[in-house]
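# Structure at a glance
One letter stands for each residue in the lines below.
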Amino acid sequence: MSEAMVTETAASSSKGHPSSGPKKRGFFAAIALFLRQVIAELKKVVTPTRKELLRYTLVVLAFVVVMIIIVTVLDFVFGAGALWIFGSGSGES
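Please read these numbers as outputs of a predicted model, since none were measured by experiment.

## What about the overall build of the protein?
For the protein, the helix and strand inventory stands at 3 helices and 0 strands. Secondary structure of the protein in N-to-C order comes out as α-α-α. Out of the 93 residues belonging to the protein, those deemed buried represent 0%. Within the structure as shown, the protein displays about 9100 Å² of accessible surface, and the carbon and sulfur contribution to it stands at 70%.

## Here's the deal with helix α3 (residues 50-86)
A rise of 1.5 Å per residue sets the reference length of α3, with its 37 residues, at 54 Å; its end C-alpha atoms lie 53 Å apart and thus fit the reference within 8%. A positive phi of about 85° marks G87, the residue just after α3.

## A look at the pattern of salt bridges
The full count for this structure, using the stated rule, is 1 salt bridge. For the salt bridge of E41 with K44, the shortest nitrogen-to-oxygen distance reads 3.1 Å. For E41, a relative accessible area of 38% gives the class partly exposed. Look at K44 and you get partly exposed, because its relative accessible area is 46%.

## Some points on the packing of aromatic side chains
As enumerated under the stated definition, the model contains 1 aromatic pair in all. Summarising the aromatic geometry, the rings of F27 and F28 are spaced 5.3 Å apart at their centres and angled 75° between planes, so their arrangement reads as edge-to-face. For the pair formed by F27 and F28, the shared burial category is exposed.

## What to know about a nonpolar patch on the surface
Residues V60, F63, V64, V66, M67, I68, I70, L74 and F78 make up a contiguous nonpolar surface patch of about 840 Å² in total accessible area. Judged by relative accessible area, V66 falls into the partly exposed class, the value being 44%.

## Observations concerning the confidence of the model for the protein
The pLDDT averaged across the protein works out to 84; a share of 70% of its residues lies at or above 70. At the level of individual helices and strands, the protein shows its lowest average pLDDT in helix α1 (residues 8-14), which scores 54, and its highest in α3, which scores 97.

Cut-off values and rules
Residues numbered from 1 in each chain as written. Predicted model: local features only at pLDDT ≥ 70, side-chain atom pairs only at ≥ 80, totals over all residues. Heavy atoms only, no water. Helix = DSSP H or I, 4+ residues; strand = E, 2+ residues; numbered from the N terminus. Buried < 20%, exposed > 50% of the residue type's maximum accessible area, 1.4 Å probe, protein only. Areas by Shrake-Rupley, 256 points an atom, 1.4 Å probe, with all protein chains shown as cover. Expected span 1.5 Å × (residues − 1). Salt bridge = Lys/Arg side-chain N within 4 Å of Asp/Glu carboxyl O. Phe/Tyr/Trp six-rings, centres within 6.5 Å; stacked < 30°, edge-to-face > 60°. Patch = residues over 30% accessible without salt bridge, like charges linked within 9 Å, V, L, I, M, F, W, Y side chains within 5 Å. pLDDT = per-residue confidence, 0-100.

Written out as structure tokens, the structure reads:
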């Protein structure tokens, strides 16, 4: 893994020195570290522009429509196949 891919928090915590073993942190210290890391990651989030948001929404809706069509066609094919194999269910008594 390259150094560029390591998060800033992870890169700054080691300071280039090998670890002398796992350090025991207190419960509240671990929670504080977690919250600091969450905030650091949230600062990296880029909000899409209105145009990008509209484009992403249309792509998702188009994908959903295509999947609905595929599932509907497969349902019809398998239903017709089941009727062909097992008959209509009216049975001859």
